[in-house]
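# Chain and residue survey
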Amino acid sequence: MDFLALFDLSVLDSTVRLATPLLLACLAGLFSERAGIFDIGLEGKMLFAAFFSAAVAAMTGSVWLGLLAGIAASMALSGIHGLASITFRGNQLISGVAINFLAAGMTVLIAQDWFQQGGRTPSLIGGGRFEPIILPFAESLRGVPFLGPIYAELISGHSILVYVALLAVPGTWWLLFRTRFGLRLRAVGENPAAVDTAGVSVVGLRFVAVGICGILCGIAGAYLATGLQAGFVKDMTAGRGFIALAALIFAKWRPWHALWATLLFGYLQAIALRPDIIEGALGFRVQVQLLDALPYILTVVILAGFVGKAIPPRAGGEPYVKER
Amino acid sequence: MDVMPKWAEVILVPLISLILAALLSALVILAIGENPVEAVNLMVTGAVGSTYGWGYTLYYATNFMFTGLAVSVAFHAGLFNIGGEGQAMLGGLGVALVLLFIPWPHWTIALLAATAGAAVFGALWAAIPAYLQAKRGSHIVITTIMFNFIAAAVLNYMLVNQLRPAGSMDPATERFREAVHLPSLHEMLAPIGINFSKAAPANVSLVIAIIACVLVWLLIWRTPLGLEIRSYGKSGRAAKYAGIGAVRITMIAMLISGALAGMMAINNVMGEAERLVLNAVEGAGFIGIAVALMGRSHPFGVFLAAILFGFLYQGGAELALWTSIPRELIVVIQALVILFTGALDNMVRMPLERIFLAARNARTSKSVEPAE
């Protein structure tokens, strides 16, 4: 039995890559839900962004323009979600469901119209993709025992969006817990009436939160189509938005915990791709389906409150009515 | 609250939402360079222009009646069951187990047993999220979403590792026995002289679905339990004062909801495929949300909305066949219907309420005038 193989560098390396879109989407959801707006449309926003980033990158050859297009597309859906759930005080969950379907349908429809390749974009080459960044001295330090390969393989050699995602964790923490804006944003998710009494616009704050959510989902989607893979294919998010939602609950709506939760779920995805390693390490076969379902099962267990209770922001899901 | 007359509430608001959704869909079709009028013509001839088209439309509608009713019953209790998809998958498993392992002599008994199997499996799959909501306060929307994914994994495991016949590469069960073949509409209507298409999959489950609509109506509006479910859905706190147990109603409503979603399997698994395949549900569980919203959670509304969505599904398939419009157009239409009839409901309602209020004020002030 080779237990250490479970933590092989190649597995950990793909963990980081697979965790990145989850982390970005999870932080996106964190902003929205901390402000009291439930968002089960993370999946749809990521998918929309994945398509538009790949499409624009394919047409212009510039991955940066692609990224911008992805963010813009995701924010457009955020706008719909805000309009429905903030302005018109509609049901946030139903709006999220609608956004997921809208993205699932529109991406294929537009892809077919623009590229005629059965709902996908052309494969991205050259400047159309985010290339891995080799950090300084990665090659020369490779010879250093233990730390050298970790630096060269695990830390270096990812696309820039991976580092953006990792930096977004302290960024989110700082913004939410060390700034006045963050205090108000959290307050609006717990007790909007109090924020309103203090003379701060509940609607404005919530729209900003939903907007930030759109930006982060946009980056997540762009990373999927232009970093992790080379182009858009139908339904390429494959439930990642919901895993991110699960991670958000797992993390109990806290930024650093979101990092650990998404790394855990990323690891589960990475190890599911290597059944040979699991069998070698544990001595028996683990069903792939069990590994697929594990993030969801873990989330249900957390939700059930058996491992510490997950308490969502108190005003989450409720539209704010200024005067009755 | 009651600013609008009942007819406006029940007919006008959904109708305007539907028109908005249709207009936007037409814009989408225009934007991808096709003619919306031609597209509608194609859909109408494809879906209701022949008994073949009707057979498919009604087949899809049967699925959507079950899932739409499932979402509606939960809505009445103030619960949002997004888990119809997973419950219908498990319902399929129930049907397959009942039909594969017991040699039924005749389809009638087999149908009863399969319906029970589907309902029990669907209800059980809804029971855990329901219990967690009722007892532990875990949000039912999140748990039912998670259970959809877990259901997909369970079904995948059962088909790939357990139920797949030896030597077959296809993740599906073997075909059910000939004796449990459900009569199609062709076979049912031929004796009374109607020549219904032989190739269409609509079958006797449609009758069961219609019976289910009636039974749900009776349950919700004509029984004490229905009253309890509706009161709990309107105000959990008021219901509590009236002595209605939150745990009990949550459990019962979700079990019924899950059972209804599961029962869809008698149509798609027993009636159409006659074996259990991996993607048997094909999103029908989610369409149930659109159907319930459009049908205003009323069984008759669900019945009509299910037929409309059946029409859209079959029409969309024909559209994909004859034009370059992909089938995903239906997903977009479905999204727009959910958006306008569900999330943006107030956008339609608020201006309408203002109009009705103004009209009423004008009327009352006029009738008061002569007295002065």
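Residues numbered from 1 in each chain as written. Chains lettered and ligands numbered in written order. Predicted model: local features only at pLDDT ≥ 70, side-chain atom pairs only at ≥ 80, totals over all residues.

## Let's talk about the overall build of chain A
Our working definition: Secondary structure follows DSSP: runs of H or I at least 4 residues long count as helices, runs of E at least 2 residues long count as strands, and numbering of each begins at the N terminus. It is over C-alpha atoms that the radius of gyration is taken, and the globule rule equals 2.2 Å times the number of residues to the power 0.38.
In terms of regular secondary structure, chain A is built from 13 helices and zero strands. Beginning at the N terminus, the succession of helices and strands in chain A can be written as α-α-α-α-α-α-α-α-α-α-α-α-α. In terms of overall size, chain A behaves like a compact globule, its C-alpha atoms giving a radius of gyration of 20 Å where 324 residues would be expected to give roughly 20 Å. Referenced to the eigenvectors of the C-alpha coordinate spread, the extents of chain A come out at roughly 65 × 50 × 40 Å.

## Considerations on the overall build of chain B
Test applied: Counting other C-beta atoms within 10 Å of a residue's own tells you its class, since 20 or more makes it buried, 12 or fewer makes it exposed, and anything in between is partly exposed; those C-beta atoms are placed from the backbone. Here the contact rule is simple: place C-beta atoms from the backbone, and any two residues whose C-beta atoms are within 7 Å are in contact.
Assigned secondary structure in chain B consists of 16 helices and zero strands. Relative to its length of 372 residues, chain B is compact, with a C-alpha radius of gyration of 22 Å against a globular reference of 21 Å. Within chain B, the proportion of its 372 residues that are buried is 51%. Considering only contacts in chain B between residues 6 or more positions apart, those separated by 24 or more positions represent 77%.

## Side note on the interface of chain A and chain B
Rules: Any residue outside Ala, Val, Leu, Ile, Met, Phe, Trp, Tyr, Cys, Pro, Asp, Glu, Lys and Arg is labelled polar, Gly included; the first ten of those are nonpolar and the last four are charged.
Contact with chain A, which involves 37 residues of that partner, is made by 34 residues of chain B. Of all the secondary structure elements, the ones that give two or more residues to the side of chain A that touches chain B are helix H3 (63-87), helix H4 (92-115), helix H10 (240-250) and helix H13 (288-303) of chain A. When residues in the side of chain A that touches chain B are grouped by element, the largest group, 14 residues, is from H4(A). Grouping the constituent residues of the side of chain A that touches chain B by class yields 22 nonpolar, twelve polar and three charged.

## Notes on the nonpolar core
Going by this rule: Under the definition applied here, buried Ala, Val, Leu, Ile, Met, Phe, Trp, Tyr and Cys residues are grouped into a nonpolar core through C-beta atoms within 7 Å.
Residues A:Leu24, A:Cys26, A:Ala50, A:Ala220, A:Ala247, B:Met65 and B:Ile338 are the most contacted members of the largest nonpolar core, which totals 228 residues. Residues in contact with B:Met65, not counting those within four places in the same chain, are B:Ala209, B:Ala212, B:Cys213, B:Val302, B:Phe303 and B:Ala306.

## Some thoughts on unusual backbone geometry
Although it is not a glycine, A:Lys252 adopts a positive phi angle of roughly 50°. Turning to its location among the elements, A:Lys252 is positioned in the loop between H10 and helix H11 (255-272). Positive phi values are uncommon outside glycine, yet B:Ser297 reaches one of about 60°. Given 22 C-beta atoms within 10 Å, B:Ser297 falls into the buried group.

## Describing the confidence of the model for chain B
For the record, the criterion: pLDDT: the predictor's confidence for each residue, scored from 0 to 100.
Chain-level statistics for chain B give a pLDDT mean of 91 and a share of 98% at 70 or above. Model confidence for the complex: the whole-complex pTM is 0.90, and ipTM, which rates the interface, is 0.90.

## Regarding helix H1 (residues 9-34) of chain A
Residue and element names in this part refer to chain A. Selection rule: Here, expected helix span is obtained from the residue count minus one, scaled by 1.5 Å.
The terminal C-alpha atoms of H1, which comprises 26 residues, lie 35 Å apart, in line with the 38 Å expected from a rise of 1.5 Å per residue. The buried fraction of H1 amounts to 20 of the 26 residues, a majority that puts the element mostly inside the structure. Downstream of H1 by one or two residues, Gly-36 has phi in the positive range, about 90°.

## A few points about the environment of B:Val10
In this structure, B:Val10 sits in helix H1 (residues 6-31). Measuring from C-alpha to C-alpha, the distance between B:Val10 and B:Gly295 comes to 9.0 Å, with 285 residues separating the pair along the chain.

## Focus on the environment of B:Ile330
All names here are of chain B. Along the chain, the position of Ile-330 falls in helix H15 (residues 329-343). For Ile-330, a count of 25 C-beta atoms within 10 Å corresponds to the buried category. Excluding its chain neighbours within four sequence positions, the residues that come into contact with Ile-330 are Leu-312, Tyr-313 and Gly-316.

## Some points on helix H11 (residues 246-263) of chain B
If you check H11(B), its first and last C-alpha atoms are 26 Å apart, about what 18 residues at 1.5 Å a residue would give, namely 26 Å. Along H11(B), the residues classified as buried are B:Ile249, B:Thr250, B:Ala253, B:Met254, B:Ile256, B:Ser257, B:Gly258, B:Ala259, B:Leu260, B:Ala261, B:Gly262 and B:Met263.

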